[in-house]
Amino acid sequence: MFLRRPPALAAWLAGAAAVGRAGARGGGLLALLANQCRFVTGLRVRRAQQIAQLYGRLYSESSRRVLLGRLWRRLRGRPGHASALMAALAGVFVWDEERIQEEELQRSVDEMKRLEEMSHMFQRSGVECHPPEPKSQREGNEDSGGKEQPWEMVMDKKHFKLWRRPITGTHLYQYRVFGTYTDVTPRQFFNVQLDTEYRKKWDALVIKLEVIERDVVSGSEVLHWVTHFPYPMYSRDYVYVRRYSVDQENNVMVLVSRAVEHPSVPESPEFVRVRSYESQMVIRPHKSFDENGFDYLLTYSDNPQTVFPRYCVSWMVSSGMPDFLEKLHMATLKAKNMEIKVKDYISSKPLETGSEAKATTPSSERKNEGSCGPARIEYA
């Protein structure tokens, strides 16, 4: 297998060669220095290619990821960014930098708790409920002297409330939905949302949706999602990492997703790549995971890379989000009533990935990082 040189490195070598030729015509020390740099750099690149080819023959892909992860941690922060060079040469995804951490999941759960507390307080006083601002952001704004934009109510229905607020320094909005369903169970709703194969059937906008890679440490997984956008816009594609948690003790479910870059999914001229995307869904059952009724909190933002004015993009998202949630709800009802087979992500063990999981068994330190208590179901 032949590994191509990174474009930036190839351009640098070409530049060094040009300088060397120019210096050679004029003679002098500069020509010798340029030739020496070009020779040494080229030698090291060829050596790295040879090492990558050797390990490619000796080890499986999962084993190479473990090896590269160790090199990344060891070289990270050193002059010359050797870790970035190694990652580019090996063409693998470095989970140590991109996996969704436990803290990200917990922040979403804490937001749900704050909103529930505020909602109960306002219901008792008869005041309209607005979602509370995260504590960490409030403190940061007070220190900097700036003011976070307030949430603006966009839609207010009995079981569906939608807010938005400008994202500081951009022309975009962040959206937040607080809703309730009483005719499906939290388990059914959660499974339908996670099942990529079933979504291809109920979501007509999906062009492609597949899992690219899974992390055996945390259960995070990288997905590639291609979706239609309204005419005359090009279709958009998303590469994102997601992770979910089901906490039986605290009766809560959470799903967190955010955009990443993955070497096996380069940008395609057929689609517009969305590089800024975040989504957090928290589900709170009214009783249990298998009884009808739950509340949910969805926080969402992305940059669809459009040339339309801000109010047009806001209208598309504000109208598209309720439509998507209703389609998700109807798909859950259909799966329930017609007994369509949907993968049960709550009961399954996501880390069972055969020989690959065995080849990348984490150390005791990593196991503790992603471990769950006796009442908590593992992540995927």
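Residues numbered from 1 in each chain as written. Predicted model: local features only at pLDDT ≥ 70, side-chain atom pairs only at ≥ 80, totals over all residues. Heavy atoms only, no water.

Peer 1: Whenever I open this one, the overall build of the protein chain confuses me. Can you help?
Peer 2: When you go through the protein chain residue by residue, the secondary structure sums to 12 helices and 11 strands. Counting over 380 residues, the protein chain shows a buried share of 44%. Of all intrachain contacts in the protein chain linking residues separated by at least 6 positions in sequence, the fraction that spans at least 24 positions is 61%. (Helix = DSSP H or I, 4+ residues; strand = E, 2+ residues; numbered from the N terminus. Buried < 20%, exposed > 50% of the residue type's maximum accessible area, 1.4 Å probe, protein only. Contact = heavy atoms within 4.5 Å.)

Peer 1: Just checking my understanding: could you explain the pairing of strand β5 (residues 221–227) for this structure?
Peer 2: Regular strands have side chains that alternate between both faces of the sheet. For β5, the tally of buried residues reaches seven of seven residues, placing the bulk of the element in the interior. Side chains E221, L223, W225 and T227 project from β5 onto one buried face, and the interleaved V222, H224 and V226 project onto a second face that is buried too. In this structure, strand β4 (residues 206–214) lies alongside β5, joined through seven bridges in antiparallel fashion. Counterpart to V211 in the pairing with β5 is L223. Counting the residues between successive antiparallel strands, the hairpin from β4 to β5 contains six residues, one of them, G219, with a positive phi of roughly 85 degrees. Pairing analysis gives seven bridges linking β5 to strand β6 (residues 236–247), with the strands arranged antiparallel. Directly across from V226, in β6, lies its bridge partner D237. (Pairing = 2+ DSSP bridges.)

Peer 1: Please explain the nonpolar core as it appears in this structure.
Peer 2: Note on soluble globular proteins: their nonpolar side chains tend to be buried together. One finds V177, F190, M281, I283, Y296, M321 and L325 to be the most contacted residues of the largest nonpolar core, which totals 42 residues. Looking at which element gives the most residues to this core, the answer is helix α10 (residues 310–337), with eight residues. When sequence neighbours within four positions are dropped, the list of residues in contact with V177 reads F160, K161, L162, Y296, L297, L298, M321 and L325. By size, the runner-up hydrophobic cluster in this structure holds 20 residues, among which are F93, L115, W151 and V260. (Core = buried A, V, L, I, M, F, W, Y, C linked by side-chain atoms within 4.5 Å.)

Peer 1: What is the right way to read the packing of aromatic side chains from this model?
Peer 2: We describe a pair of aromatic rings using the distance from one ring centre to the other and the angle between the two ring planes. For the structure on display, the rule yields 15 aromatic pairs. Three or more aromatic residues link up through ring pairs in this structure, and these residues are W225, Y238, Y240, Y277 and Y300. Directly above the ring of F229 sits R236, whose terminal nitrogen or CZ lies 4.9 Å from the centroid. (Phe/Tyr/Trp six-rings, centres within 6.5 Å; stacked < 30°, edge-to-face > 60°. Lys NZ or Arg CZ within 6 Å of the ring centre and 35° of its normal.)

Peer 1: Quick question: what am I supposed to make of the pairing of strand β2 (residues 160–166) here?
Peer 2: Among the seven residues in β2, five count as buried, and that is most of the element. In this sheet, β2 lies alongside strand β1 (residues 152–157) in antiparallel orientation, the contact comprising five bridges. Residue pairing for β2: K157 is matched across the bridge by F160. With antiparallel pairing between neighbouring strands as the criterion, β1 and β2 make up a hairpin whose turn holds two residues. Sheet analysis places β2 next to strand β3 (residues 173–181), joined by seven bridges and oriented antiparallel.

Peer 1: Honestly, helix α8 (residues 186–194) in this entry has me stumped. Any pointers?
Peer 2: Two residues of an α-helix separated by three or four positions point the same way, owing to the 3.6 residues in each turn. Taken across its nine residues, α8 has eight buried, putting it largely inside the fold. Turning to α8, its buried residues are P186, R187, F189, F190, N191, V192, Q193 and L194.

Peer 1: Honestly, unusual backbone geometry in this entry has me stumped. Any pointers?
Peer 2: Cis rather than trans, the peptide bond between Y231 and P232 has omega equal to 10 degrees. Mapped onto the elements of the fold, P232 is located in the loop between β5 and β6. Within the chain, N251 stands out as a residue other than glycine whose phi angle is a positive 55 degrees. Mapping N251 onto the fold places it in the loop between β6 and β7 (252–259).

Peer 1: Quick question: what am I supposed to make of the pattern of salt bridges here?
Peer 2: Opposite charge on two side chains lets them pair, provided their charged atoms get close. Tallied over the entire structure, the rule returns 22 salt bridges. Between E104 and R258 there is a salt bridge, and its shortest N-O distance comes to 3.0 Å. Residue E104 is located in helix α6 (residues 102–125), and its partner R258 is located in strand β7; the two are separated by 154 residues in the primary sequence. For the pair shown, E104 and R258 are each scored as buried. (Salt bridge = Lys/Arg side-chain N within 4 Å of Asp/Glu carboxyl O.)

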